[in-house]
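Chain by chain, the residues run as shown.
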Amino acid sequence: MFICWVLLAAVLPGKSDSLVDFDHDVMPVLTKAGCNVGACHGAAIGRGGFKLSLYGSNPAADYRTIALELKGRRVNLLEPEQSLVIMKPTEAMEHEGGVRIDPGSDSAETVIRWIREGALRSHDGSRPVFKSLEISPASVVADDFDQDVTLKAIAHFSDGSSRDVTRLTVFTPEDPGALSIDSKTADVHVRRRGRHIVIARYLRAVKAIEIIAPFSRQVSAEPVDAPDSFIDTSVNRLLKKIGIPASGQLDDEAFLRRASLDLTGRLPDGQDLRWFLADDERIRRTNLIDRLLASEAFTEYWTLKLAKLLRIHGKPGNERGAEKYHRWLEQQIAENAGYHTIAMSLLTATGDTEQVGPANFYRMVGGPREQAEFTSELFMGSRLRCANCHDHPLDHWTQDDYHGLAAIFAKVRQEPIVRVVDDGQVINPRTGKNAVARIPGERYLDDDHGALQAFARWMVSEDNPYFAKAIVNRLWKSMMGRGLVEPADDLRSTNPATHPDLLQELARDFAEHGYDLRHTLKKIATSDAYGRRSEVSGGNATGGQYYSRHLRKPLEPEVLADAISDVLEIPEIYGQYPAGSRAVKLINPQVESQTLDVLGRCAREESCETSVAAGNTGGLSLKLHLFNGPILNQRIASPKGRLSRLIAAGETNEAIVQSFYRAALSRSVSDDERKFWNEQINGSGDQRRALLEDFVWSLLTCQEFVTNH
Amino acid sequence: MIFLWPYRMSGHAGEQASSIEMNPWQRLFRNRNPWVYIACFLSLLWGIDIGSAAEPSITALGFDPAGKVLVAASQSYITEYRWPGLQSKRRLQSSLVSIQDLVFSPDGEKLAVAGGTPAESGRVEIRSWRDGRLIDELGNHDDTVQSVAWLDNDTVITGSLDRRIAVWKLGQSSPIQQFEGHSKGVTTIQLIADTNLVVSGALDENIRVWNLETGALVRTLNNHTGAVNEMKARPMKQITSSGIARLPMLASVSDDRTVRLWQPTIGRLVRFCRIDATPLALCWNEGGEWLAVGCDDGSVQIIHPDTMDLKNRVMATESWCYSIQAHPADGSLAVGSRKMQLKRLDASQLVRE
């Protein structure tokens with residue numbers, strides 16, 4: 001009997017307990033080997049006549065390509081080792097991509113075994129389906145800088161089984177300079193201190209792993225618990241965890257300038273300063289925030305900010321519609337309408353765009369696909385656009401999600417009279433058929449006609465995990481200089497927030513308070529994190545993204561233009577608008593204005609969101625224009641401006657310097673500065689005027705003026 | 001005892017077998033290894049499940065001119081079957097790693113076996129059909145020859161995935177004519193009877209018409225929006241009963257899920273239809289009254305060429321139909337597909353009145 005078994009084993013193609021599965025075994029091998037990355041066969045047109053789905057997002061298509069196309073030429077069922085699909089990556093045959101799979105390795109054996117077993121793909125439901133990926137540890141603090149961290153990946157399947165897939169999981173550091181990862185053992189070596197992210201990919205699952213190498217063992221003296229502010233609790237905890245000290249609180253005058261610019265887009269004037277300083281010191285800042293939030297200037301400025309987000313612009317022939325839209329938005333801000341109410345109005349409004357302001361929402365971009373991209377970026381903070389051509393490589397969005405959302409908007413006629421129709425369709429390129437209306441990541445919608453209403457209801461519901469987070473992240477970025485997630489329109493699990501708990505809490509608090517923009521802005525503005533100085537302190541130069549200090553923010557083009565006008569007391573002219581019009585109040589973002597062009601305004605035909613690096617105050621062109629162009633030079637010398645008025649009034653040099661410091665920097669001149677300027681401005685007559693003009697020019701081109709800090 | 005016979009035949013009781021599948025054990029028996037027989041016996045005795053082995057696809061089919069024999073290619077093997085019973089007669093082993101096409105010479109004496117080693121070389125074996133002897137080997141292609149056609153009993157033309165088309169004279173090592181112009185691999189070539197034209201289809205989505213004598217490109221037909229998988233010229237009388245001269249007609253199938261009819265001599269797309277699966281192979285019946293299209297869902301779709309209406313849809317197999325051939329006389333079809341499935345479809349199954 002024993003001999004018989006030996007004979008069997010020797011001559012028969014034995015069946016192992018587990019057949020190699022194409023989806024779960026072969027695909028990860030190809031992904032791990034990098035075969036299906038965008039630079040190789042995962043490119044839109046493939047490479048060398050061989051096209052795979054990007055990161056293996058479409059196993060069915062890849063199976064066709066590998067096993068079936070061209071009469072199955074890529075697999076040799078009689079001699080599996082001679083198959084193209086294994087000879088190329090092992091470079092047994094010339095391969096432009098070099099050796100991707102080591103001959104004789106487990107990976108090579110997996111592919112060969114799969115071919116030997118018939119190069120089949122199970123799609124009849126008989127095999128367990130991959131459900132989720134678990135990475136351990138999901139977050140780790142490497143106490144010892146030289147300490148290696150070993151990651152482990154476990155895949156969970158539909159039958160309840162689990163499997164260690166560490167060997168098949170691709171681990172990629174977000175910053176290769178900060179971490180090195182052994183692709184075979186998944187050992188992570190930290191090369192640089194800080195907070196780093198590793199992206200793990202197995203099949204369609206991608207996960208982010210946080211690895212922290214503290215900067216210092218000397219924990220910040222900052223108190224961790226801040227019972228009155230979940231913001232400070234979260235920020236301080238991370239600072240402590242990462243070992244970065246916090247800068248101290250800024251003085252009241254600087255706080256006034258910062259808050260005024262952030263909430264109203266204006267420099268504070270003398271009256272503001274007097275009111276502020278007259279207040280009880282303990283409640284001075286809170287009262288200031290309340291006053292700013294209640295001001296007309298807040299409505300004007302935040303109408304501009306939301307108008308940029310909504311890309312409100314007047315296409316030729318739709319100027320009146322755009323104006324109606326802008327006025328409607330201004331009214332919503334003035335009345336403190338909930339953000340969910342605003343969103344619902346935008347998504348469901350129909351009618352004559354010259355009469356119904358929010359109906360213009362569908363006139364700002366062209367076509368259902370563009371509308372789907374715009375809407376998902378706006379209200380969900382998600383870049384669905386990648387899923388147009390293939391499933392999103394770094395998120396869970398599928399082509400069905402993208403084209404399903406486009407199918408909803410295909411029913412909306414984006415015409416001067418916006419209306420919902422029955423016959424709009426878009427083709428889903430994956431199926432080649434009409435896309436089925438779908439709430440992204442959620443469910444298909446059976447009722448085509450009611451799909452828009454259903455989508456709008458879901459969008460503003462608390463079941464939507466994106467809506468509140470997307471807007472509070474933008475509010476946070478506007479106030480703090482950097483989003484908890486950057487870029488602000490790219491929320492996804494593989495681009496985690498620096499402070500996930502804070503983002504979650506801000507979103508919860510926002511929803512709990514009626515999606516009130518003012519409420520969340522106040523919450524942020526009254527936190528200690530917001531009130532920190534922007535100067536580096538105690539070695540926290542690298543900790544800006546953790547809010548150890550306040551990040552300098554360049555003034556927006558409209559705000560800077562108004563600030564220059566206010567300081568010089570010379571109004572700017574914008575197209576046909578009356579003289580003295582403020583830039584933040586302009587409805588048409590493309591109105592004729594060389595100043596706004598130079599300062600880099602957004603035409604709003606595309607997204608105005610950019611990742612603003614700390615300290616970035618514009619490019620070389622802007623600098624040159626400020627230094628040499630007419631924006632400053634002509635207006636400084638104007639006989640109607642502040643400088644001429646003060647000279648004519650017989651003010652002393654010191655008084656003039658003080659006046660400009662107050663107006664431009666919202667602070668008094670320091671002793672050193674006073675001494676410096678006294679030495680510099682020492683002429684008389686025309687010479688004195690020229691020196692004073694130089695002084696004003698230097699003030700308006702300095703970093704302290706062109707940034708909010 | 002099913003394992004002890006290398007082919008499994010299926011069909012209704014009392015009828016001839018209408019299809020065969022390579023048994024998973026077939027490759028083992030092919031080696032005549034006595035241990036295999038012992039092991040089989042033991043496995044039956046103890047009920048051991050030995051699992052399934054790889055089953056190569058049938059990639060090419062061809063009828064001899066008399067219609068008595070069907071030849072089928074599967075990877076490196078050519079198997080001869082009696083028609084219509086599909087009994088295996090003999091088996092030839094080719095030196096080609098992968099056979100892609102089989103075509104008998106006009107006199108029926110020789111068989112051109114086209115293929116090669118994927119991404120490495122492409123050749124055509126010329127074999128005496130009587131004894132299977134290798135007469136000649138032609139081709140220096142850099143990738144497999146996907147399609148071959150006989151110009152006469154001593155001349156063949158080849159289309160390869162290396163993008164080249166070449167004309168070869170038996171006994172000569174170099175091509176006597178070459179056609180280059182496709183930007184991706186050539187998948188199919190067809191001669192247009194009574195003209196000096198040859199037509200090629202390719203992965204670059206184009207169909208090109210060439211002058212055989214000069215090698216010049218006559219025209220490009222670029223209506224397909226996917227790879228062209230196969231083309232077949234329509235067999236029909238050039239002069240109708242009323243004395244009107246007909247232009248040659250050609251059918252093509254593509255990954256764009258269309259079937260298109262062309263008049264290649266004037267470059268006209270006559271008509272087309274869209275179908276619900278990806279068509280991989282096609283053939284005309286002997287009179288050119290209908291064309292059969294083999295698809296990736298295992299179906300064979302019968303299309304009327306004058307209306308492009310779908311006349312019938314037969315599920316021939318559960319896997320991709322790589323090859324389809326119409327019998328030269330009896331109106332039946334042979335279908336070859338993945339998993340080494342070979343099937344006969346009778347005329348009665350194909351066209352419904």
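See the structure printed just above.
Structure report, in brief. Note that the coordinates shown come from a computational prediction; the quantities given were computed from them, not determined experimentally.

**Some words on the overall build of chain A**
The secondary structure content of chain A amounts to 27 helices and 19 strands. Structurally, chain A occupies a C-alpha span of about 120 × 65 × 50 Å along its principal axes. Counting every position in chain A, which comprises 709 residues, the buried fraction comes to 46%. In chain A, of all internal contacts separated by at least 6 residues, the share reaching a separation of at least 24 is 62%.

**Looking at the nonpolar core**
Of all hydrophobic cores here, the largest spans 131 residues; its most connected members are Ala406 and Ile564 of chain A. Of all the elements, helix H16 (residues 467-480) of chain A adds the most residues to this core, at nine residues. Contact partners of Ala406 of chain A, with chain neighbours within four places excluded, come to Pro368, Arg369, Ala372, Val426 and Ala435 of chain A. Within the second largest apolar cluster, 124 residues are counted, among which are Leu68 of chain A together with Val124, Val228 and Val335 of chain B.

**Points about the packing of helix H24 (residues 653-665) of chain A against helix H26 (residues 685-701) of chain A**
All names here are of chain A. Packing of H24 against H26 brings their axes to within 11 Å, and their N-to-C directions diverge by 20°. Viewed along their axes, H24 and H26 adopt a mutual orientation that is roughly parallel. Where H24 crosses over H26, the two elements pack in a sense that is right-handed. Contacts between H24 and H26 involve Ile656, Val657, Phe660 and Ala664 from the former and Leu692, Phe695, Val696, Leu699 and Leu700 from the latter. Of the residues belonging to the contact of H24 with H26, the class tally is nine nonpolar, no polar and no charged.

**Looking at H26 of chain A**
Residue and element names in this part refer to chain A. Compared with an ideal rise of 1.5 Å per residue, which puts 17 residues at 24 Å, H26 spans 25 Å between its outermost C-alpha atoms and is within 8% of the ideal. Along H26, the positions that sit buried rather than exposed are Leu692, Phe695, Val696 and Leu700. For H26, the angular spread of buried residues about the axis comes to 125°, placing them on one side. Opposite the buried face of H26, by more than 90 degrees, sit the exposed residues Asp686, Gln687 and Ser698. Contacts from the buried residues of H26 go to helix H19 (557-568), helix H22 (630-636), helix H23 (642-648), H24, helix H25 (671-680) and helix H27 (703-706).

**Section: the sheet that holds strand E10 (residues 205-213) of chain A**
Residue and element names in this part refer to chain A. A sheet is described by the order of its strands in space; here four strands give the open sequence E2-E10-E9-E6, paired in mixed fashion. Two strands close off the open sheet at either side, each with one partner strand: strand E2 (139-141) and strand E6 (170-173). Each strand axis lies, on average, 20° off the axis of its neighbour in the sheet, ignoring direction. Bridging between strand E9 (residues 194-202) and E10 involves nine bridges; their strand directions are antiparallel. Of the residues in E10, the one forming a bridge with Gly194 is Ala213.

**Notes on unusual backbone geometry**
Of the consecutive residues Glu486 of chain A and Pro487 of chain A, the connecting peptide bond is found in the cis state with omega at -10°. Along the chain, Pro487 of chain A turns up in the loop between H16 and helix H17 (500-512). The linkage connecting Trp83 of chain B with the following residue, Pro84 of chain B, adopts the cis geometry, with an omega of 10°. Locating Pro84 of chain B in the fold gives a position in the loop between strand E5 (77-82) and strand E6 (88-93).

**A word on the pairing of strand E13 (residues 165-169) of chain B**
Two faces belong to every sheet, and in a regular strand the side chains alternate between them. Residue and element names in this part refer to chain B. With five bridges connecting them, strand E12 (residues 155-160) and E13 associate as antiparallel partners. Its bridge partner being in E13, Thr155 is matched across the sheet by Lys169. Here E12 folds back onto E13 in antiparallel fashion, the turn holding four residues, of which Arg163 has a positive phi close to 85°. Here E13 pairs with strand E14 (residues 177-179) via three bridges, running antiparallel. Considered in E14, the bridge of Ile165 is made with Phe179.

What counts and what doesn't
Residue positions are given per chain, counted from 1 along the sequence in the order it is written. Numbering of ligands from 1 and lettering of chains from A proceed in the order in which they are written. Whole-chain, interface and lining totals are the exception, using all residues; otherwise, since this is a predicted model, local features are given only for residues with pLDDT of at least 70 and side-chain atom pairs are given and counted only at 80 or more. Segments assigned H or I by DSSP are reported as helices when at least four residues long, segments assigned E as strands when at least two residues long, and all are numbered from the N terminus. Partly exposed residues are those whose C-beta has more than 12 but fewer than 20 other C-beta atoms within 10 Å; 20 or more makes a residue buried and 12 or fewer makes it exposed, with C-beta atoms placed from the backbone. Two residues qualify as being in contact provided that their C-beta atoms, derived from the backbone, are within 7 Å of each other. Think of a nonpolar core as buried Ala, Val, Leu, Ile, Met, Phe, Trp, Tyr and Cys residues chained together by C-beta atoms that fall within 7 Å. Every axis in this analysis is a line fitted to C-alpha atoms, fitted for helices over the stretch in contact. Angles between the N-to-C directions lie between 0 and 180 degrees. Note on terminology: angles under 35 degrees are roughly parallel, angles over 145 are roughly antiparallel, angles of 65 to 115 are roughly perpendicular, and the others are oblique. Two helices that cross are described as forming a left-handed crossing if the nearer one is turned anticlockwise from the farther one by less than a right angle, and a right-handed crossing if clockwise. Gly is placed with the polar residues, together with every amino acid not listed as nonpolar (Ala, Val, Leu, Ile, Met, Phe, Trp, Tyr, Cys and Pro) or charged (Asp, Glu, Lys and Arg). Expected helix span is given by 1.5 Å per residue-to-residue step, counting one fewer step than there are residues. Within this analysis, the arc is defined by the directions that extend from the helix axis to the C-beta atoms. At least two DSSP bridges between two strands are needed for those strands to be called paired.

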